[in-house]
Amino acid sequence: MSMHREINRREFIVTTAAMGGGLALGLSFPKSDARRTADVAKISGRPWESLTSKTDIEVSPWVVIAPDDTVTIRIGQSEMGQGVITSCAKMLAEELECDWSKVRAEYVSVNRHFRENKVYKRLNTTSSSSVRLGRPYLQQAGASARERLMAAAAQTWSAPRAELTVKDGVITHKPTGRTLRYGQVAQKAAAIKLAAEPAIKTPDQYTLMKKPTKLLDAPLKVDGSATYGIDVRLPGMLYAAVKASPVFKGKVKSYDAGAVKNRLGVHSVVEFSGEEIEAGVAVVADSYWHARTALDAMPIEWDEGSHGSDNSEGFFQMSRAVLDEPSVKVVTKLGDPEAVLKNAPQVVEAVYEVPYLDHTVMEPFNCTAQVTADRVEIWVGSQDPENATVDAAKVAGVPVEKVYLHNCFLGGGFGRRGNQDDVRQAVAIAKQLDGRPVKVIWTREETTRHGYYRPMRVSRFRAALGPDGLPLAWHTRVVGMDEDVFGAKLVAAEGGLASQTRNGGAPEPGDEQLIRGLHQLPYQVPNQLFDYHLRKTHVPTGPWTSVGRSQNEFFLETFVDELAHAAGKDPYQYRHTLLQANPYSRFSKSWIQVLSAVAEKTDWGRQLPAGTGMGIAIGDSRRLSRKEFTICATVATVSVSKKGEVRVERVDVAMDTGPFLVNPLAAERQVEMQVAMGLAATLRQEITIEKGRVVQSNFDDYPILRATEMPEIGINWVRATDDPIAGIGEEIIGWVAPAVCNAIFAATGKRIRSLPVKNHDLSWI
Amino acid sequence: MISLKVNRKTYSVDVEPETPLLWVIRDTIGLTGTKFSCGKALCGACTVHVNGKPVRSCVLPASQVVGEEITTIEGLSPNAQHPAQIAWREGDVPECGYCQSGQIMAAAALLSNKPNPTDADIEREITNLCRCGTYLRIRQAIHRAAQIAAKA
């Protein structure tokens, strides 16, 4: 790093009187500090740093064993609060049969992953996939390492493998009672190749899994030592404050660098643009505050392009206008729904709308990058270090093997930190800085206004009810509003589109997320039509916890509630009847089990005070391209004051666990997170577009849930299926909005058909 | 040059007087446990103590705290043994963890002022935001911290 020492000393002077008045450069904190906390936390405060030493033995790319039996497990997924470091380590340790108290974790080397032919399988952390996709190969890695350690002991003793047992990292030769520890045989095991891979455990054989496990990284997050991307400090590092085109897809027309060049600490002004990089300007300085104040003082003129007058209301009008257009794409057609709807005595019809939503990660967007002739280094908290590396290489113009990405802790992800726009932008800036590292930090406002938003959406549902109040025919029409590139990217990420709709045509490639949650209804409806339109806007969209589903889940479960009320039935009983009546659905029994569990726990149907109501919703988060699902039912208990102020008192969740949960403690926290996030979105959040740009900016106009608004939460795990569930990271959030809005209806008789709730007058008598 | 007392050490820092304390702590002194999130004193991620009272450092000019006792999460206790930190670990409070330094600093200030706070005290005094919704665990941890402190 000596190449960076040319930095002007004035830029980093800090004198520490208590330390004898000596000079200290603004360096990263000493390694010993990170290690000390790591002893407690079992992972470095800088998770990309290896905790292993030269005397430790790498048994496999996943497993390193020290002479004192400490086991270091390498983690390919990104920790953003979901407990994934602990869960991944558990899945591997379940097979390794080591002593859990001696397990440490560290992130895999992303660079090695590329150099060694994707040795860590997959490094993205999206789509609730860490357990669903990771479990088989992590278990296999643990089993394989265990068998090699056992083989090494067998060799040492010249004993057959069958005479050996292992527990907590101690191998015993049963006939003689001799023992060897993992630390003693690791060296030999590292050289052993297995003739065949061992079988892995089935869920009924799990011991470590299923039990709640304390989170390995929690201690780092109570003393300030967890290093998030924004905390990275490097010798000679510069800071950049950025402004990207306020109107998406605009350009920089001009800026007056001369106005700020001579300000204290300013290093340079650089422009950035490129493929999938929102064009903009950065001021680079010796501190973030110097950079930011200079940027604020610098006049910039923008070329707004062709979207400078686009707005949300226009997008909604465009969507509503196509509700009646005939040429749409058909997903499902069963029977003759049009004829039944035309002749039915009772038709229920409703139009629903939801706005764009932002992720609102607590850690503002940032990325630190250093670009030299033969090496690109990146420090960032990323949900997708694999694609971030690919993008960094592309922007820098180097092969991927020359990119070294150091993944940090993520101050919230929710899908936002898997778009790589932070990395592309930082590399575009860094490559103009002659090899100096630069930390790019966005303001909260920039973070809010340059998101990849959950797409807005409009839908219309029409149902013909028979004399018994049950639907005879049903027409669902959805109008999606996505950015051009969104759908196609997601399909690629999910491994291609499977046209698995039950009857009728396949969705167009890229449209999968628009129809999720509305295909293959488990409710009995003999005549069905489900079709859609897709419209494009210039607003960037991306995966927001649950990706394409949460909008549709609000529509569907609100509509079912409307049908129940139109039929004069109880909303819980109505769903129960519709599920029971569907002889084609293999899910019905399990759905009923979960639905009944939440109804029972909440004493559904009991008398409530005036202005208080309960609402129910259920679904299973099923995918088009996969068989996995997670059945979840939610009851919200909501009170509404006469003035119309909404208070969500309780949220009760019943969820299918399948045969196991990897870490019930982490699972509980995922429920809490999704309730909090779902409530903020339901009650108050909307991103609106005016003059082509985002109106909202910070927590005052885009509020997240406050402590005083957090409801009590009841969690009920139900084993309703025998296959592993799809996941839990985003399988609860979709039912929050319909449960709350159905409860508001029960409390006030006012039906919420568009979100957020704050836009509705809910005052009563 | 201005002189700041942070975690019982005195630092002479070469910053303009109006620089927010947050950025002096993070960039100049190099203590990154205190977080930037909103920049407008809305969320509390940047909470530090000035003379034991919780303040939001992202809008506080450094010049206003010259000579005052400033404490950050790093200086809250030796070896992270403040009752709030113990309770936070016991209760596995943090999820993403980004807001938790600020939450703990706010909680520690509350506990020193009110050793046995009620739910209402917590609701009124701890207004820090958490996107992961750890609020219920924070409330439990504050009550637990009060117990730990009482026993000590």
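Residues numbered from 1 in each chain as written. Chains lettered and ligands numbered in written order. Predicted model: local features only at pLDDT ≥ 70, side-chain atom pairs only at ≥ 80, totals over all residues.

1. Digging into the overall build of chain B
Each helix and strand in chain B was counted, giving five helices and five strands. Ordered by position in the sequence, the α and β elements of chain B form the string β-β-α-β-β-β-α-α-α-α. With respect to the principal axes defined by its C-alpha atoms, chain B has extents near 45 × 30 × 25 Å. Buried positions account for 61% of the 152 residues belonging to chain B. Pairs at least 24 residues apart make up 61% of the contacts formed inside chain B by residues separated by at least 6 positions. (Helix = DSSP H or I, 4+ residues; strand = E, 2+ residues; numbered from the N terminus. Buried ≥ 20, exposed ≤ 12 C-beta atoms within 10 Å, placed from the backbone. Contact = placed C-beta atoms within 7 Å.)

2. A closer look at the sheet that holds strand 12 (residues 266–274) of chain A
Paired through their backbone hydrogen bonds, the strands of a sheet run either parallel or antiparallel. Residues and elements named next belong to chain A. With mixed pairing, seven strands are arranged side by side in an open sheet as 12-13-10-20-17-18-19. The two strands at the open ends of the sheet, each matched to only one other strand, are strand 12 and strand 19 (403–407). Averaged over all adjacent pairs, the angle separating strand axes in this sheet is 20°, with direction ignored. Two strands pair when backbone bridges link them, and strand 10 (residues 238–244) and strand 13 (residues 277–285) are joined in this way by six bridges, in the antiparallel orientation. Among the inter-strand pairings, alanine 241 is bridged to a residue of strand 13, identified as valine 283. Against the sheet, helix 10 (residues 385–396) touches strand 12, strand 17 (366–372), strand 18 (375–380) and strand 19, its axis set at about 140° to strand 19. (Pairing = 2+ DSSP bridges. Axes fitted to C-alpha atoms, helices over the stretch in contact; angles between N-to-C directions.)

3. Some details on the packing of helix 5 (residues 134–157) of chain A against helix 6 (residues 182–190) of chain A
A pair of packed helices is characterised by two quantities: the angle between their axes and the separation of those axes. Residue and element names in this part refer to chain A. Axis separation between helix 5 and helix 6 bottoms out at 8 Å; the angle between their running directions is 95°. By the angle between their directions, the pair helix 5 and helix 6 is classed as roughly perpendicular. Here helix 5 contributes Arg148, Leu149, Ala151, Ala152, Ala153, Gln155 and Thr156 to the contact with helix 6, which in turn contributes Tyr182, Val185, Ala186, Lys188 and Ala189. Taken together, the residues of the contact of helix 5 with helix 6 sort by class into eight nonpolar, two polar and two charged. (Parallel < 35°, antiparallel > 145°, perpendicular 65-115°, else oblique. Nonpolar A, V, L, I, M, F, W, Y, C, P; charged D, E, K, R; others polar.)

4. Looking at the interface of chain A and chain B
On the chain B side, the residues contacting the 55 residues of chain A number 47 residues. Elements that contribute at least two residues to the side of chain A that touches chain B include exactly strand 1 (14–16), helix 7 (288–297) and helix 18 (664–683) of chain A. Counted by class, the side of chain A that touches chain B contains 31 nonpolar, 13 polar and 11 charged residues.

5. A short note on the domain arrangement of chain A
Residues and elements named next belong to chain A. Looking at the assigned domains, one finds that chain A contains domain 1 (53–221), domain 2 (229–307 + 366–441) and domain 3 (312–357 + 453–759). One C-alpha centre belongs to domain 1, the other to domain 3, and the line joining them spans 40 Å. Across the boundary between the two partners, domain 1 contributes 20 residues, which contact 22 residues of domain 3. For the side of domain 1 that touches domain 3, the secondary-structure elements that each account for two or more residues are helix 2 (84–96) and helix 4 (129–132). The element that contributes the greatest number of residues to the side of domain 1 that touches domain 3 is helix 2, accounting for four residues. (Domains from an automatic or database assignment.)

6. Thoughts on the sheet that holds strand 15 (residues 329–334) of chain A
Residues and elements named next belong to chain A. One open sheet holds the five strands; their spatial order is 15-23-22-21-16, and the pairing between them is mixed. What marks the edges here is a single partner per strand, and that holds for strand 15 and strand 16 (346–354). Each neighbouring strand pair of the sheet contributes to a mean axis angle of 10°, computed without reference to strand direction. In this structure, strand 16 lies alongside strand 21 (residues 457–465), joined through nine bridges in antiparallel fashion. Bridge assignment links glutamine 346 to a residue of strand 21, and that residue is leucine 465. Of the strands in this sheet, strand 16, strand 21 and strand 22 (471–483) are in contact with helix 15 (residues 549–566), which crosses strand 16 at around 150°.

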